[in-house]
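The residues making up each chain are set out below.
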Amino acid sequence: MAGGREVAISLDGVRDKNVMQLKKLNTAIFPVRYNEKYYADALASGEFTKLAYYSDICVGSIACRLEKKEGGAICVYIMTLGVLAPYRGLGIGTKLLNHVLELCLKQHIPEIYLHVQTNNEDAIKFYKKFGFEITETIKNYYTNIDPPDCFVLTKFVAPSQEKK
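Keep in mind it's a predicted model, so treat the numbers as computed, not measured.

Caption draft 1: Looking closely at the layout of surface pockets. Counted as a void, the largest pocket has a volume near 1200 Å³. Taken together, 41 residues make up the lining of the largest pocket; nearest its centre are Phe30, Leu81, Asn120, Ala123 and Tyr127. Broken down by secondary-structure element, the contributors of at least two residues to the lining of the largest pocket are helix H2 (36-44), strand S4 (74-83), helix H3 (92-106), strand S5 (111-117) and helix H4 (121-129). In terms of residue count, S4 provides more of the lining of the largest pocket than any other element does, seven residues in total. Tallied by class, the residues present in the lining of the largest pocket amount to 22 nonpolar, 11 polar and eight charged.

In structure tokens, the structure reads:
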């Protein structure tokens, strides 16, 4: 352990007994309040919703919802991905997003998307690094925050080319 700078980032599932951690993080990170349906969807998504711990401190989360598209295909909607400000830039958001992208590949889920406020340049840049593209602009998506518009960012997860 040269220098002792190696700090473990670990992920844990969200369950009834720790869903309060997710609620506290969301209150600290996001300008909007989430309703009970959000938390029910997060719990129902199983492995697609995770808490991130940095040195055993809960500092971030990703919460997804599995959706059925027309024609029956499943896609993943990222409801929230956030890391507390002092812990940004340490690879925590990357670890959370990569976890979900790997699940999409393993489960052959071809599409993952999210909404981002149009002025959230850091988030847009972050998602573009992972191959997400702006596919739509929705006017007046948000209420009570300015600007109210959002971009839809979408990534089509390439299915594995390997034939088994």
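Caption draft 2: Representation of the sheet that holds strand S2 (residues 50-54) within the structure. Reading across the sheet, the seven strands line up as S1-S2-S3-S4-S5-S7-S6 and stay open at both edges, with mixed pairing between neighbours. Two strands close off the open sheet at either side, each with one partner strand: strand S1 (9-13) and strand S6 (133-138). Averaged over all adjacent pairs, the angle separating strand axes in this sheet is 25°, with direction ignored. Note that S5 and strand S7 (residues 150-156) share seven bridges and pair antiparallel. Bridging from a neighbouring strand, Glu111 pairs with Phe156 of S7. Set on the sheet, H2 makes contact with strand S3 (57-68) and S4; between it and S3 the angle comes to about 85°. Packed on one face of the sheet, H3 meets S1, S2, S3, S4, S5 and S7 and runs near 170° to S4.

Caption draft 3: Here's a closer look at the nonpolar core. Counting 30 residues, the largest nonpolar core has Ile78, Leu97, Ile112, Tyr127 and Phe132 as its most contacted members. Ranked by residue count, the leading element in this core is H3, at seven residues. Leu97 has contacts with Ile62, Ile78, Leu81, Phe126, Tyr127, Phe130 and Phe132, leaving out every residue within four places of it along the chain. The next biggest cluster of nonpolar side chains, apart from the first, holds 22 residues, and it includes Tyr38, Ala63, Met79 and Tyr142.

Caption draft 4: Highlighting the pairing of S5. In terms of residue burial, S5 counts as a mostly covered element, since seven of its seven residues are buried. Residues Glu111, Tyr113, His115 and Gln117 line one face of S5 and the alternating positions Ile112, Leu114 and Val116 line the opposite face, and both faces are buried. Relative to S5, S4 runs parallel, the two being bridged by three bridges. Across the sheet, the residue bridging to Ile78 is Leu114, located in S5. Of the crossover connections in this fold, the one passing from S4 over H3 to the parallel S5 is right-handed.

Caption draft 5: Quick look at the packing of aromatic side chains. Per the counting criterion, the structure on display carries nine aromatic pairs. Ring geometry for Tyr77 and Tyr113: centres 4.8 Å apart, planes at 40°, overall tilted. Of the two residues, Tyr77 sits in strand S4 while Tyr113 sits in strand S5, which places them 36 residues apart along the sequence. By relative accessible area, which is 7% here, Tyr77 ends up buried. Seen from their ring centres, Phe126 and Tyr127 are 5.3 Å apart, and the 80° between their planes marks the pair as edge-to-face. Here Phe126 falls in the buried class, since its relative accessible area comes to 18%. For Tyr127, a relative accessible area of 5% translates into the label buried. Taken together through their ring pairs, the aromatic side chains of Phe30, Tyr34, Tyr38 and Tyr39 make up a single cluster.

Cut-offs used in this document
- Residues numbered from 1 in each chain as written.
- Predicted model: local features only at pLDDT ≥ 70, side-chain atom pairs only at ≥ 80, totals over all residues.
- Heavy atoms only, no water.
- 1 Å grid on protein atoms, 1.4 Å probe; cavity = no way out; pocket = protein on both sides within 12 Å on 5 of 7 lines; lining within 4 Å.
- Points joined across faces, edges and corners; volume = space filled by probe spheres on them.
- Helix = DSSP H or I, 4+ residues; strand = E, 2+ residues; numbered from the N terminus.
- Nonpolar A, V, L, I, M, F, W, Y, C, P; charged D, E, K, R; others polar.
- Pairing = 2+ DSSP bridges.
- Axes fitted to C-alpha atoms, helices over the stretch in contact; angles between N-to-C directions.
- Contact = heavy atoms within 4.5 Å.
- Core = buried A, V, L, I, M, F, W, Y, C linked by side-chain atoms within 4.5 Å.
- Buried < 20%, exposed > 50% of the residue type's maximum accessible area, 1.4 Å probe, protein only.
- Right-handed = clockwise from strand over helix to strand, strands pointing away.
- Phe/Tyr/Trp six-rings, centres within 6.5 Å; stacked < 30°, edge-to-face > 60°.

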